[in-house]
Amino acid sequence: PLMTQAAAEAGDGFIVHPFHTSIFLESITLPSIEKGLKQVNKKEFDISVGVMVATGMNDQEIEDARNACKSQIGFYGSTPAYKTVLEQHGWESIQPELNKMTKKGLWKDIPSLITDEMLEAISVSGTPSQVAKKIYDRYKDIATRIAPSIFSGDPEVTSELIGLLKKIK
């Protein structure tokens, strides 16, 4: 929180790491930014939000992308510095387990510890049109821009999603 506050005081904007939830943003990140902006009486400030996106054109593609996204969430969740995100939801007990798994090289087992509830809180998933709407609804009052990390092996799906995101205002 103090580093976020300092960034708001000194910078023109802030980049939100993709490993976050709305609750974490509302309870930790945004109050820290507001405090920093108030300290220096700053009115203009950009917030770029990284968003993990699991998308595809059909149920199988979406499920594959969700599993890939769960792996990434598990990797981030294994890092002690990101435990605060998990704590906001009462999920902090998973962090040491994930950390042990990474140290043992059990990468294929990591997604099994990430629940669908965690996935939905940390990322967005669905078809490109569903994802675009979820991103807009979740971040419309927060973000100046979005930086999606797209979990899909299909360049056409990625292109469609980016096109839809560009049209949202």
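The structure under discussion appears in the preceding block.
Here is what the cut-offs are and how they apply
- Residues numbered from 1 in each chain as written.
- Predicted model: local features only at pLDDT ≥ 70, side-chain atom pairs only at ≥ 80, totals over all residues.
- Heavy atoms only, no water.
- Helix = DSSP H or I, 4+ residues; strand = E, 2+ residues; numbered from the N terminus.
- Expected span 1.5 Å × (residues − 1).
- Buried < 20%, exposed > 50% of the residue type's maximum accessible area, 1.4 Å probe, protein only.
- Arc of directions from axis to C-beta.
- Contact = heavy atoms within 4.5 Å.
- Salt bridge = Lys/Arg side-chain N within 4 Å of Asp/Glu carboxyl O.
- Axes fitted to C-alpha atoms, helices over the stretch in contact; angles between N-to-C directions.
- Parallel < 35°, antiparallel > 145°, perpendicular 65-115°, else oblique.
- Left-handed = near helix turned anticlockwise from the far one by under 90°.
- Nonpolar A, V, L, I, M, F, W, Y, C, P; charged D, E, K, R; others polar.

Enquirer: Give a detailed account of helix 8 (residues 155-167), specifying residues and quantitative values.
Expert: Along its 13 residues, helix 8 runs 19 Å from first to last C-alpha, staying within 8% of the 18 Å computed at 1.5 Å per residue. Regarding helix 8, the residues found buried are Val157, Leu161 and Leu165. Seen along its axis, helix 8 keeps its buried residues to an arc of 70°; they face one direction. Along helix 8, the residues that are exposed and aim more than 90 degrees away from the buried face are Pro155, Glu156, Lys166 and Lys167. Where helix 8 is buried, its residues touch strand 2 (46-55), helix 3 (59-77), helix 7 (128-139) and strand 4 (145-151).

Enquirer: Hey, could you go over the pattern of salt bridges for me, with residue numbers and the actual values?
Expert: Following the criterion strictly, the structure yields seven salt bridges and no others. Between arginine 145 and aspartate 46 there is a salt bridge; the shortest N-O distance is 3.7 Å. Of this pair, arginine 145 sits in strand 4 while aspartate 46 sits in strand 2, and the two are 99 residues apart along the sequence. A relative accessible area of 46% places arginine 145 in the partly exposed class. Accessibility expressed as a relative area gives 31% for aspartate 46, which makes it partly exposed. For aspartate 116, the salt bridge is made with arginine 66, and the minimal N-O distance between the two is 3.3 Å. Placement of the pair is aspartate 116 in helix 6 (residues 116-122) and arginine 66 in helix 3, with a sequence separation of 50 residues. On the basis of relative accessibility, which here comes to 10%, the residue arginine 66 falls in the buried class. Counted as one network, the salt bridges with shared partners bring together Arg66, Lys70, Asp116, Glu120 and Lys134.

Enquirer: Lay out the packing of helix 7 against helix 8 in plain terms, naming residues and giving numbers.
Expert: Where helix 7 contacts helix 8, the axes come no closer than 9 Å and their chain directions differ by 40°. Classified by the interaxial angle, the pair formed by helix 7 and helix 8 is oblique. As for the relative orientation of helix 7 and helix 8, their crossing is right-handed in sense. Of the residues in helix 8, those touching helix 7 at Pro128, Ser129, Val131, Ala132 and Ile135 are Val157, Glu160, Leu161, Leu164 and Leu165. Looking at the contact of helix 7 with helix 8, its residues break down into eight nonpolar, one polar and one charged.

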